[in-house]
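# Coordinate analysis (summary)
Chain by chain, the residues run as shown.
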Amino acid sequence: MKKTLLAIALLAGATQAQAEQGFFVQGDFGTAHSALSFSEDDSYSGDEMTAGVKIGYGFNDNWSLQLQRANAGEFNIDESSSTVCPGNQACGVLTESLDSEASYTALMAQYQSYVSAQSWSFAGRFGLVFAKQTITYTAKFNGAQESAEFDDSPVGFVAGVGAQYNFTENLSFVADLDLVPFSTDSTKELVDESADYHVTRVVIGAKYVF
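In this report, we go over the structure that sits alongside the text.

Conventions used here
- Residues numbered from 1 in each chain as written.
- Predicted model: local features only at pLDDT ≥ 70, side-chain atom pairs only at ≥ 80, totals over all residues.
- Heavy atoms only, no water.
- Pairing = 2+ DSSP bridges.
- Helix = DSSP H or I, 4+ residues; strand = E, 2+ residues; numbered from the N terminus.
- Core = buried A, V, L, I, M, F, W, Y, C linked by side-chain atoms within 4.5 Å.
- Buried < 20%, exposed > 50% of the residue type's maximum accessible area, 1.4 Å probe, protein only.
- Contact = heavy atoms within 4.5 Å.
- Phe/Tyr/Trp six-rings, centres within 6.5 Å; stacked < 30°, edge-to-face > 60°.
- Salt bridge = Lys/Arg side-chain N within 4 Å of Asp/Glu carboxyl O.
- Patch = residues over 30% accessible without salt bridge, like charges linked within 9 Å, V, L, I, M, F, W, Y side chains within 5 Å.
- Areas by Shrake-Rupley, 256 points an atom, 1.4 Å probe, with all protein chains shown as cover.
- Lys, Arg positive; Asp, Glu negative; His and termini not counted.
- Charge placed at Lys NZ, Arg CZ, Asp CG, Glu CD.

## Remarks on the pairing of strand β3 (residues 63-84)
With 7 bridges connecting them, strand β2 (residues 43-58) and β3 associate as antiparallel partners. Bridge pairing in β3 links Val-53 to Arg-69. Where β2 folds back on β3, the antiparallel hairpin that results is connected by 4 residues.

## Overview of the nonpolar core
Counting residues in each nonpolar core, the largest one holds 20 residues, and the members touching the most others are Leu-36, Tyr-104, Val-129, Val-180 and Tyr-197. The set of elements that each furnish at least two residues to this core consists of β1 (22-37), β3, β4 (92-115), β5 (120-141), β8 (171-184) and β9 (195-209). Sequence-distant contacts of Leu-36, that is, excluding residues within four places in its chain, are made with Asp-42, Ser-43, Tyr-44, Phe-75, Ile-77, Ile-135, Thr-184, Thr-187, Ala-195, Asp-196 and Tyr-197.

## A look at the packing of aromatic side chains
Scanning the model with the defined rule gives 11 aromatic pairs in all. Centre to centre, the rings of Phe-75 and Tyr-197 are 6.5 Å apart; their planes meet at 50°, and the pair counts as tilted. Residue Phe-75 is found in strand β3, and its partner Tyr-197 is found in strand β9; the two are separated by 122 residues along the sequence. The burial state of Phe-75 is the same as that of Tyr-197; both residues are buried. A ring pair is formed by Phe-182 and Tyr-197, whose centres lie 5.1 Å apart and whose planes are at 10°; its orientation type is stacked. Linking Phe-182 in strand β8 with Tyr-197 in strand β9, this pair joins segments that are 15 residues apart in sequence. As far as the burial class goes, Phe-182 and Tyr-197 line up, both buried. Here the aromatic residues Trp-120, Phe-122, Tyr-165 and Phe-167 are joined through ring pairs into a cluster of three or more.

## Quick notes on the pattern of salt bridges
Under the defined criterion, the tally for this structure stands at 5 salt bridges. Linking Arg-201 and Asp-28 is a salt bridge whose minimum nitrogen-to-oxygen distance equals 2.7 Å. Residue Arg-201 is located in strand β9, and its partner Asp-28 is located in strand β1; the two are separated by 173 residues in the primary sequence. Taking the relative accessible area as the measure of exposure, Arg-201 reaches 0% and is therefore buried. With relative accessibility at 6%, the residue Asp-28 sits in the buried group. With a shortest N-O distance of 3.2 Å, Asp-176 and Arg-125 are connected by a salt bridge.

## A closer look at a negative patch on the surface
The grouping of Asp-47, Glu-48, Glu-74, Glu-101 and Glu-149 at the surface amounts to a negative patch. Mapped onto the fold, Glu-101 is located in strand β4. A relative accessible area of 40% means that Glu-101 is categorised as partly exposed.

By themselves these figures say nothing about function.
Below, the structure is given as structure tokens:
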């Protein structure tokens, strides 16, 4: 009887572990904290909603390769107003604003370890990020408005941790934290220097293993 129960337990554990092998897809949403900093210790930050999708392949119970596409959100960097009198024109209020938007594609390797009878697992991952970052400058004066965009496609890194709970052999709940730092040249046309961009992404979602 004891041998039978042990065999059932081992088979159940093996079934759960095998679900990590093969292709999978994950969708998630949450919040992204973005920070833009310059060499003069000037920094700007904001929080926005974020959504992402991830596809990957599990080689075994622990190792997987993942490709992720995520939106880091948009936030206002700076906004100022001043009264100007341009030449012979009437004086008016000039309002200038800077907005930042970023998204990225990440290629990551992840190591995952199971605890609690294969129901819970925890993971660490690291990889490369191919980002798209845009600065939008907008000027408003006496009812007129002009905008200009400055963008860059930098390469950076991503490091993250995550937790996973298996509802079934194929469907899981996931919670992830990712740190994404990179350097951007999109600010050079405005302030004549590059800036450091840091994204902290905290999300929850669902994962399905085929």
